Amino acid sequence: MLSERRLQVLRAIVQDYVGTEEPVGSKALTERHSLGVSPATIRNDMAALEDEGFIAQPHTSAGRIPTDKGYRLFVDKLAGVKPMTAPERRAIQNFLEGAVDLDDVVARTVRLLAQLTRQVAVVQYPSLTRSTVRHVELLSLAPARVMLVLITDTGRVEQRMVDCPAPFGEASLADLRARLNSRVAGRRFTDVPMLVEDLPDAFDPEDRGTVSMVLSTLLETLVEENEERLMIGGTANLTRFGHDFPLTIRPVLEALEEQVVLLKLLGEAKDPGVTVRIGHENAHEGLNSTSVVSVGYGSGGEAVAKLGVVGPTRMDYPGTMGAVRAVARYVGQILAES
(Lines give C-alpha, C1' and ligand atoms only; values in the text may rest on other atoms or scores of the structure.)
Protein backbone atom coordinates (compact mmCIF):
# COMPACT_ATOMS: atom_id res chain seq x y z
CA MET A 1 0.00 0.00 0.00
CA LEU A 2 1.18 3.55 -0.77
CA SER A 3 1.65 5.94 2.14
CA GLU A 4 -0.83 8.79 2.52
CA ARG A 5 1.82 11.28 1.37
CA ARG A 6 2.61 9.34 -1.79
CA LEU A 7 -1.10 9.15 -2.55
CA GLN A 8 -1.24 12.96 -2.23
CA VAL A 9 1.76 13.28 -4.56
CA LEU A 10 0.04 11.02 -7.11
CA ARG A 11 -3.17 13.04 -6.84
CA ALA A 12 -1.21 16.26 -7.44
CA ILE A 13 0.55 14.76 -10.49
CA VAL A 14 -2.76 13.62 -12.03
CA GLN A 15 -4.44 16.99 -11.39
CA ASP A 16 -1.52 18.98 -12.80
CA TYR A 17 -1.06 16.79 -15.87
CA VAL A 18 -4.79 16.87 -16.69
CA GLY A 19 -4.82 20.65 -16.19
CA THR A 20 -1.60 21.62 -17.97
CA GLU A 21 -1.04 18.79 -20.49
CA GLU A 22 2.65 18.97 -19.49
CA PRO A 23 4.69 16.27 -17.70
CA VAL A 24 4.97 17.22 -14.02
CA GLY A 25 8.27 17.79 -12.19
CA SER A 26 9.01 17.87 -8.45
CA LYS A 27 9.72 21.62 -8.54
CA ALA A 28 6.27 22.38 -10.02
CA LEU A 29 4.61 20.12 -7.43
CA THR A 30 6.36 21.93 -4.58
CA GLU A 31 5.29 25.34 -5.95
CA ARG A 32 1.66 24.44 -6.74
CA HIS A 33 0.70 22.19 -3.84
CA SER A 34 1.05 22.43 -0.07
CA LEU A 35 2.56 18.99 0.40
CA GLY A 36 4.53 20.06 3.49
CA VAL A 37 7.79 18.36 2.46
CA SER A 38 10.98 19.32 0.62
CA PRO A 39 11.49 18.94 -3.16
CA ALA A 40 14.03 16.18 -2.39
CA THR A 41 11.40 14.17 -0.49
CA ILE A 42 8.93 14.66 -3.35
CA ARG A 43 11.60 13.43 -5.79
CA ASN A 44 12.00 10.29 -3.66
CA ASP A 45 8.21 9.81 -3.59
CA MET A 46 8.06 10.22 -7.38
CA ALA A 47 10.85 7.67 -7.82
CA ALA A 48 8.89 5.20 -5.65
CA LEU A 49 5.66 5.87 -7.60
CA GLU A 50 7.55 5.28 -10.85
CA ASP A 51 9.09 2.02 -9.55
CA GLU A 52 5.60 0.78 -8.71
CA GLY A 53 4.25 1.70 -12.15
CA PHE A 54 1.91 4.55 -11.14
CA ILE A 55 3.77 7.23 -13.11
CA ALA A 56 6.20 7.16 -16.04
CA GLN A 57 8.73 9.39 -17.80
CA PRO A 58 7.42 10.00 -21.34
CA HIS A 59 10.79 11.20 -22.66
CA THR A 60 14.00 12.58 -21.24
CA SER A 61 12.29 15.62 -19.73
CA ALA A 62 12.34 15.85 -15.95
CA GLY A 63 8.55 15.51 -15.73
CA ARG A 64 6.39 12.45 -15.10
CA ILE A 65 2.91 11.53 -16.28
CA PRO A 66 0.35 9.11 -14.79
CA THR A 67 0.10 5.58 -16.22
CA ASP A 68 -3.17 3.65 -16.61
CA LYS A 69 -2.39 2.12 -13.20
CA GLY A 70 -1.90 5.61 -11.71
CA TYR A 71 -5.19 6.88 -13.13
CA ARG A 72 -6.96 3.77 -11.83
CA LEU A 73 -5.72 4.38 -8.28
CA PHE A 74 -6.69 8.05 -8.61
CA VAL A 75 -10.25 7.16 -9.69
CA ASP A 76 -10.70 4.39 -7.09
CA LYS A 77 -9.14 6.08 -4.06
CA LEU A 78 -8.49 9.78 -4.60
CA ALA A 79 -11.13 11.30 -6.86
CA GLY A 80 -14.57 12.19 -5.60
CA VAL A 81 -17.36 12.83 -8.10
CA LYS A 82 -17.53 16.57 -8.73
CA PRO A 83 -21.17 17.65 -8.38
CA MET A 84 -22.77 19.94 -10.95
CA THR A 85 -23.57 23.51 -9.86
CA ALA A 86 -27.23 24.54 -9.47
CA PRO A 87 -27.18 26.64 -12.71
CA GLU A 88 -25.62 23.69 -14.59
CA ARG A 89 -28.30 21.35 -13.27
CA ARG A 90 -31.05 23.78 -14.29
CA ALA A 91 -29.56 24.12 -17.77
CA ILE A 92 -29.45 20.32 -18.17
CA GLN A 93 -33.05 19.97 -17.02
CA ASN A 94 -34.37 22.77 -19.26
CA PHE A 95 -32.54 21.44 -22.31
CA LEU A 96 -33.75 17.85 -21.87
CA GLU A 97 -37.33 18.82 -20.97
CA GLY A 98 -37.74 20.36 -24.43
CA ALA A 99 -37.58 16.90 -26.04
CA VAL A 100 -40.69 15.83 -27.99
CA ASP A 101 -40.11 12.05 -28.16
CA LEU A 102 -37.61 9.33 -27.33
CA ASP A 103 -35.41 9.97 -30.39
CA ASP A 104 -35.25 13.64 -29.41
CA VAL A 105 -34.38 12.73 -25.79
CA VAL A 106 -31.49 10.55 -27.00
CA ALA A 107 -30.29 13.15 -29.54
CA ARG A 108 -30.38 15.95 -26.95
CA THR A 109 -28.59 13.75 -24.38
CA VAL A 110 -25.77 13.05 -26.82
CA ARG A 111 -25.37 16.75 -27.67
CA LEU A 112 -25.49 17.76 -24.02
CA LEU A 113 -22.94 15.17 -22.85
CA ALA A 114 -20.53 16.07 -25.66
CA GLN A 115 -20.79 19.78 -24.79
CA LEU A 116 -20.50 19.32 -21.00
CA THR A 117 -17.51 16.98 -21.08
CA ARG A 118 -15.94 18.00 -24.43
CA GLN A 119 -15.50 14.28 -25.13
CA VAL A 120 -17.26 11.80 -27.44
CA ALA A 121 -20.75 11.02 -26.09
CA VAL A 122 -22.45 7.63 -26.55
CA VAL A 123 -26.07 6.97 -25.59
CA GLN A 124 -27.74 3.57 -25.83
CA TYR A 125 -31.47 3.51 -26.57
CA PRO A 126 -33.52 1.91 -23.79
CA SER A 127 -33.40 -1.84 -24.27
CA LEU A 128 -36.79 -3.38 -24.85
CA THR A 129 -35.79 -6.57 -23.05
CA ARG A 130 -35.82 -4.50 -19.87
CA SER A 131 -38.85 -2.43 -20.91
CA THR A 132 -42.50 -2.91 -20.06
CA VAL A 133 -45.60 -2.41 -22.19
CA ARG A 134 -47.45 0.80 -21.42
CA HIS A 135 -50.26 0.30 -23.94
CA VAL A 136 -51.15 -1.52 -27.17
CA GLU A 137 -53.43 0.41 -29.55
CA LEU A 138 -55.29 -1.28 -32.42
CA LEU A 139 -56.77 0.89 -35.19
CA SER A 140 -58.95 -0.29 -38.07
CA LEU A 141 -57.67 1.08 -41.41
CA ALA A 142 -59.84 -1.12 -43.65
CA PRO A 143 -62.19 -4.09 -43.07
CA ALA A 144 -59.22 -6.49 -43.16
CA ARG A 145 -56.35 -4.14 -42.25
CA VAL A 146 -55.31 -3.13 -38.72
CA MET A 147 -52.57 -0.84 -37.43
CA LEU A 148 -50.86 -2.06 -34.24
CA VAL A 149 -49.19 0.61 -32.10
CA LEU A 150 -46.94 -0.52 -29.23
CA ILE A 151 -46.05 2.09 -26.57
CA THR A 152 -43.39 1.24 -23.98
CA ASP A 153 -42.72 2.61 -20.50
CA THR A 154 -39.62 4.41 -21.85
CA GLY A 155 -41.66 6.35 -24.39
CA ARG A 156 -40.75 4.24 -27.39
CA VAL A 157 -43.53 3.93 -30.01
CA GLU A 158 -43.59 1.18 -32.65
CA GLN A 159 -46.18 0.88 -35.44
CA ARG A 160 -46.92 -2.17 -37.59
CA MET A 161 -49.52 -2.97 -40.25
CA VAL A 162 -51.45 -6.24 -39.96
CA ASP A 163 -53.21 -7.71 -43.02
CA CYS A 164 -55.98 -9.88 -41.58
CA PRO A 165 -57.12 -13.17 -43.18
CA ALA A 166 -60.76 -11.99 -42.99
CA PRO A 167 -62.69 -8.75 -42.22
CA PHE A 168 -62.56 -7.86 -38.52
CA GLY A 169 -65.32 -5.69 -37.07
CA GLU A 170 -64.93 -2.68 -34.77
CA ALA A 171 -66.61 -4.50 -31.86
CA SER A 172 -64.19 -7.45 -32.18
CA LEU A 173 -61.25 -5.05 -32.45
CA ALA A 174 -62.34 -3.17 -29.30
CA ASP A 175 -62.72 -6.50 -27.49
CA LEU A 176 -59.22 -7.64 -28.57
CA ARG A 177 -57.72 -4.26 -27.56
CA ALA A 178 -59.29 -4.46 -24.07
CA ARG A 179 -58.35 -8.11 -23.48
CA LEU A 180 -54.82 -7.60 -24.77
CA ASN A 181 -54.13 -4.54 -22.60
CA SER A 182 -55.62 -6.18 -19.51
CA ARG A 183 -53.00 -8.95 -19.92
CA VAL A 184 -49.88 -7.09 -21.06
CA ALA A 185 -50.06 -3.47 -19.81
CA GLY A 186 -47.36 -2.90 -17.21
CA ARG A 187 -45.75 -6.27 -17.94
CA ARG A 188 -42.20 -6.93 -19.14
CA PHE A 189 -41.67 -7.72 -22.81
CA THR A 190 -40.14 -11.06 -21.92
CA ASP A 191 -43.40 -12.09 -20.17
CA VAL A 192 -45.72 -11.16 -23.05
CA PRO A 193 -45.57 -14.39 -25.14
CA MET A 194 -46.72 -16.51 -22.21
CA LEU A 195 -49.45 -14.01 -21.25
CA VAL A 196 -51.13 -14.01 -24.66
CA GLU A 197 -50.68 -17.61 -25.86
CA ASP A 198 -54.27 -18.69 -25.12
CA LEU A 199 -55.92 -15.37 -26.08
CA PRO A 200 -57.26 -16.59 -29.49
CA ASP A 201 -59.34 -19.21 -27.63
CA ALA A 202 -61.42 -16.39 -26.10
CA PHE A 203 -62.73 -15.39 -29.59
CA ASP A 204 -65.19 -16.90 -32.07
CA PRO A 205 -63.62 -19.44 -34.46
CA GLU A 206 -63.96 -17.10 -37.47
CA ASP A 207 -61.96 -14.37 -35.67
CA ARG A 208 -59.17 -16.55 -34.28
CA GLY A 209 -57.01 -16.32 -37.43
CA THR A 210 -56.99 -12.51 -37.21
CA VAL A 211 -56.33 -12.50 -33.45
CA SER A 212 -53.38 -14.89 -33.98
CA MET A 213 -52.06 -12.65 -36.79
CA VAL A 214 -52.22 -9.54 -34.55
CA LEU A 215 -50.50 -11.38 -31.71
CA SER A 216 -47.72 -12.75 -33.93
CA THR A 217 -47.10 -9.21 -35.27
CA LEU A 218 -46.89 -7.93 -31.69
CA LEU A 219 -44.42 -10.66 -30.72
CA GLU A 220 -42.31 -10.04 -33.86
CA THR A 221 -42.16 -6.35 -32.93
CA LEU A 222 -40.84 -7.23 -29.48
CA VAL A 223 -38.13 -9.46 -30.98
CA GLU A 224 -37.15 -6.97 -33.73
CA GLU A 225 -36.83 -4.14 -31.27
CA ASN A 226 -34.54 -6.25 -29.15
CA GLU A 227 -31.64 -5.04 -31.29
CA GLU A 228 -29.58 -2.53 -29.37
CA ARG A 229 -29.35 0.95 -30.87
CA LEU A 230 -26.89 3.70 -30.10
CA MET A 231 -26.39 7.35 -30.87
CA ILE A 232 -22.95 8.93 -30.85
CA GLY A 233 -21.89 12.58 -30.97
CA GLY A 234 -18.98 14.93 -30.40
CA THR A 235 -16.43 12.85 -32.34
CA ALA A 236 -14.82 16.11 -33.50
CA ASN A 237 -13.86 16.72 -29.85
CA LEU A 238 -11.15 14.04 -30.25
CA THR A 239 -9.23 16.25 -32.66
CA ARG A 240 -8.53 18.63 -29.77
CA PHE A 241 -6.62 15.84 -28.03
CA GLY A 242 -4.42 14.75 -30.96
CA HIS A 243 -1.26 14.77 -28.83
CA ASP A 244 -2.94 12.45 -26.26
CA PHE A 245 -3.02 9.57 -28.75
CA PRO A 246 0.36 7.90 -29.34
CA LEU A 247 0.34 7.85 -33.14
CA THR A 248 -2.98 8.93 -34.60
CA ILE A 249 -6.63 9.11 -33.60
CA ARG A 250 -7.61 6.85 -36.52
CA PRO A 251 -7.78 3.58 -34.45
CA VAL A 252 -10.04 5.39 -31.96
CA LEU A 253 -12.34 6.68 -34.72
CA GLU A 254 -12.48 3.22 -36.33
CA ALA A 255 -13.39 1.61 -32.99
CA LEU A 256 -16.12 4.20 -32.42
CA GLU A 257 -17.71 3.22 -35.75
CA GLU A 258 -18.30 -0.34 -34.51
CA GLN A 259 -21.57 -0.55 -32.62
CA VAL A 260 -20.71 -3.91 -31.03
CA VAL A 261 -17.50 -2.43 -29.60
CA LEU A 262 -19.39 0.53 -28.16
CA LEU A 263 -22.05 -1.65 -26.55
CA LYS A 264 -19.33 -3.73 -24.89
CA LEU A 265 -17.61 -0.54 -23.75
CA LEU A 266 -20.72 0.79 -22.06
CA GLY A 267 -21.12 -2.52 -20.28
CA GLU A 268 -24.21 -4.17 -18.86
CA ALA A 269 -27.10 -1.80 -18.22
CA LYS A 270 -28.06 -3.68 -15.07
CA ASP A 271 -25.03 -2.17 -13.31
CA PRO A 272 -26.46 1.27 -12.50
CA GLY A 273 -23.37 2.87 -10.91
CA VAL A 274 -20.71 4.99 -12.62
CA THR A 275 -18.13 2.73 -14.31
CA VAL A 276 -14.70 3.96 -15.41
CA ARG A 277 -12.55 1.91 -17.80
CA ILE A 278 -9.04 3.26 -18.27
CA GLY A 279 -6.63 2.68 -21.15
CA HIS A 280 -5.70 -0.99 -21.49
CA GLU A 281 -8.74 -2.03 -19.42
CA ASN A 282 -10.63 -1.50 -22.69
CA ALA A 283 -10.43 -4.82 -24.54
CA HIS A 284 -10.50 -3.23 -28.00
CA GLU A 285 -6.95 -2.38 -29.08
CA GLY A 286 -7.99 0.84 -30.83
CA LEU A 287 -9.23 2.20 -27.50
CA ASN A 288 -6.14 1.45 -25.40
CA SER A 289 -5.33 5.16 -25.24
CA THR A 290 -8.85 6.17 -24.12
CA SER A 291 -10.95 6.10 -21.00
CA VAL A 292 -14.67 5.37 -20.91
CA VAL A 293 -16.97 6.74 -18.20
CA SER A 294 -20.47 5.22 -18.29
CA VAL A 295 -23.56 4.92 -16.12
CA GLY A 296 -26.97 3.25 -16.33
CA TYR A 297 -30.14 5.31 -16.74
CA GLY A 298 -33.81 4.47 -16.51
CA SER A 299 -37.14 5.23 -14.91
CA GLY A 300 -38.28 3.97 -11.53
CA GLY A 301 -34.81 3.28 -10.18
CA GLU A 302 -34.02 0.51 -12.68
CA ALA A 303 -31.42 0.99 -15.43
CA VAL A 304 -32.78 0.23 -18.92
CA ALA A 305 -29.71 1.39 -20.87
CA LYS A 306 -26.31 3.05 -20.58
CA LEU A 307 -24.84 6.39 -21.53
CA GLY A 308 -21.28 7.61 -21.29
CA VAL A 309 -18.31 9.39 -22.79
CA VAL A 310 -15.06 8.32 -24.46
CA GLY A 311 -11.98 10.52 -24.25
CA PRO A 312 -8.22 10.40 -23.70
CA THR A 313 -6.91 8.86 -20.47
CA ARG A 314 -5.77 12.40 -19.57
CA MET A 315 -9.31 13.24 -18.51
CA ASP A 316 -10.92 15.33 -15.77
CA TYR A 317 -12.34 12.22 -14.07
CA PRO A 318 -14.22 13.91 -11.17
CA GLY A 319 -15.91 16.41 -13.54
CA THR A 320 -16.70 13.82 -16.21
CA MET A 321 -18.14 11.36 -13.68
CA GLY A 322 -20.29 14.15 -12.21
CA ALA A 323 -21.61 15.24 -15.61
CA VAL A 324 -22.39 11.69 -16.78
CA ARG A 325 -24.18 10.86 -13.53
CA ALA A 326 -26.23 14.11 -13.51
CA VAL A 327 -27.34 13.75 -17.14
CA ALA A 328 -28.34 10.11 -16.54
CA ARG A 329 -30.47 11.15 -13.56
CA TYR A 330 -32.35 13.80 -15.57
CA VAL A 331 -32.88 11.46 -18.55
CA GLY A 332 -34.35 8.91 -16.11
CA GLN A 333 -36.74 11.51 -14.70
CA ILE A 334 -37.91 12.52 -18.19
CA LEU A 335 -38.53 8.88 -19.19
CA ALA A 336 -40.50 8.34 -15.99
CA GLU A 337 -42.70 11.39 -16.71
CA SER A 338 -43.10 10.83 -20.48
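Residues numbered from 1 in each chain as written. Predicted model: local features only at pLDDT ≥ 70, side-chain atom pairs only at ≥ 80, totals over all residues. Heavy atoms only, no water.

(A) Representation of the pattern of salt bridges in the model. Counted according to the given criterion, the structure contains 15 salt bridges. Where Glu50 meets Arg64, a salt bridge forms, and the shortest distance between an N and an O atom there is 2.7 Å. Separated by 14 residues along the polypeptide, Glu50 in helix α3 (residues 39-51) and Arg64 in the loop between β1 (55-56) and β2 (65-66) bring together distant segments of the chain. Owing to a relative accessible area of 26%, Glu50 belongs among the partly exposed residues under this scheme. For Arg64, a relative accessible area of 15% gives the class buried. Arg72 is paired through a salt bridge with Asp76; the nearest N and O atoms lie 2.8 Å apart. With Arg72 and Asp76 both in helix α4 (residues 68-78) and four residues apart, the pair spans about one turn of that helix. For Asp76, a relative accessible area of 52% gives the class exposed. Through salt bridges with shared partners, a single ionic network connects Arg5, Arg6 and Asp45. (Salt bridge = Lys/Arg side-chain N within 4 Å of Asp/Glu carboxyl O. Helix = DSSP H or I, 4+ residues; strand = E, 2+ residues; numbered from the N terminus. Buried < 20%, exposed > 50% of the residue type's maximum accessible area, 1.4 Å probe, protein only.)

(B) A look at the pairing of strand β5 (residues 145-152). By the criterion of burial, β5 is predominantly enclosed, with six of the eight residues buried. Where strand β4 (residues 133-142) and β5 come together, eight bridges link them in antiparallel fashion. Within β5, the residue paired with Ala142 across the bridge is Arg145. Remark: two residues form the turn of the hairpin made by β4 and β5, two consecutive strands paired antiparallel. In this sheet, strand β6 (residues 157-163) lies alongside β5 in antiparallel orientation, the contact comprising seven bridges. Residue pairing for β6: Arg145 is matched across the bridge by Asp163. Between the end of β5 and the start of β6, which pair antiparallel, lie four residues, with Gly155 showing a positive phi angle near 90°. (Pairing = 2+ DSSP bridges.)

(C) Geometry of a positive patch on the surface. A cluster of basic residues, Arg89, Arg90, Arg325 and Arg329, forms a positive patch on the protein surface. Counting residues per element, the ones that place at least two in the positive patch are α5 (86-97) and α12 (317-337). Note on placement: Arg90 falls in helix α5. (Patch = residues over 30% accessible without salt bridge, like charges linked within 9 Å, V, L, I, M, F, W, Y side chains within 5 Å. Areas by Shrake-Rupley, 256 points an atom, 1.4 Å probe, with all protein chains shown as cover. Lys, Arg positive; Asp, Glu negative; His and termini not counted. Charge placed at Lys NZ, Arg CZ, Asp CG, Glu CD.)

(D) Focus on the packing of aromatic side chains. Inspection of every chain in the model, using the stated rule, returns one aromatic pair. Measuring from ring centre to ring centre gives 5.6 Å for Tyr71 and Tyr317, while their planes differ by 50°; the resulting arrangement is tilted. With a gap of 246 residues between them, Tyr71 in helix α4 and Tyr317 in helix α12 connect regions that are remote in the sequence. Tyr71 sits in the buried class, given a relative accessible area of 2%. (Phe/Tyr/Trp six-rings, centres within 6.5 Å; stacked < 30°, edge-to-face > 60°.)

(E) Structural detail: the sheet that holds β6. What the three strands build is an open sheet, ordered β4-β5-β6; its pairing is antiparallel. Two strands close off the open sheet at either side, each with one partner strand: β4 and β6. Taken over all neighbouring pairs, the strand axes of this sheet differ in orientation by 20° on average, direction set aside. In the packing of helix α7 (residues 170-184) onto the sheet, the strands contacted are β4 and β5, and the crossing angle to β4 comes to about 165°. (Axes fitted to C-alpha atoms, helices over the stretch in contact; angles between N-to-C directions. Contact = heavy atoms within 4.5 Å.)

(F) How the structure looks around a nonpolar patch on the surface. Among the surface-exposed residues, Leu139, Leu141 and Met161 lie close enough to one another that they form a single nonpolar patch of about 250 Å² accessible area. Along the chain, Leu139 turns up in strand β4.

(G) How the structure looks around the sheet that holds strand β10 (residues 305-312). The strand order across the open sheet built from five strands is β7-β3-β10-β9-β8, with neighbouring strands paired in antiparallel fashion. Whereas interior strands pair on both sides, the edge strands pair on one side only; in this sheet they are β7 (230-233) and β8 (275-278). Adjacent strand axes in the sheet meet at a mean angle of 15°, parallel and antiparallel pairs treated alike. On the sheet, helix α11 (residues 259-266) packs against β3 (120-124), β7, β8, β9 (290-297) and β10 and is oriented at approximately 90° with respect to β7.

Function cannot be read off these values alone, since they describe shape.
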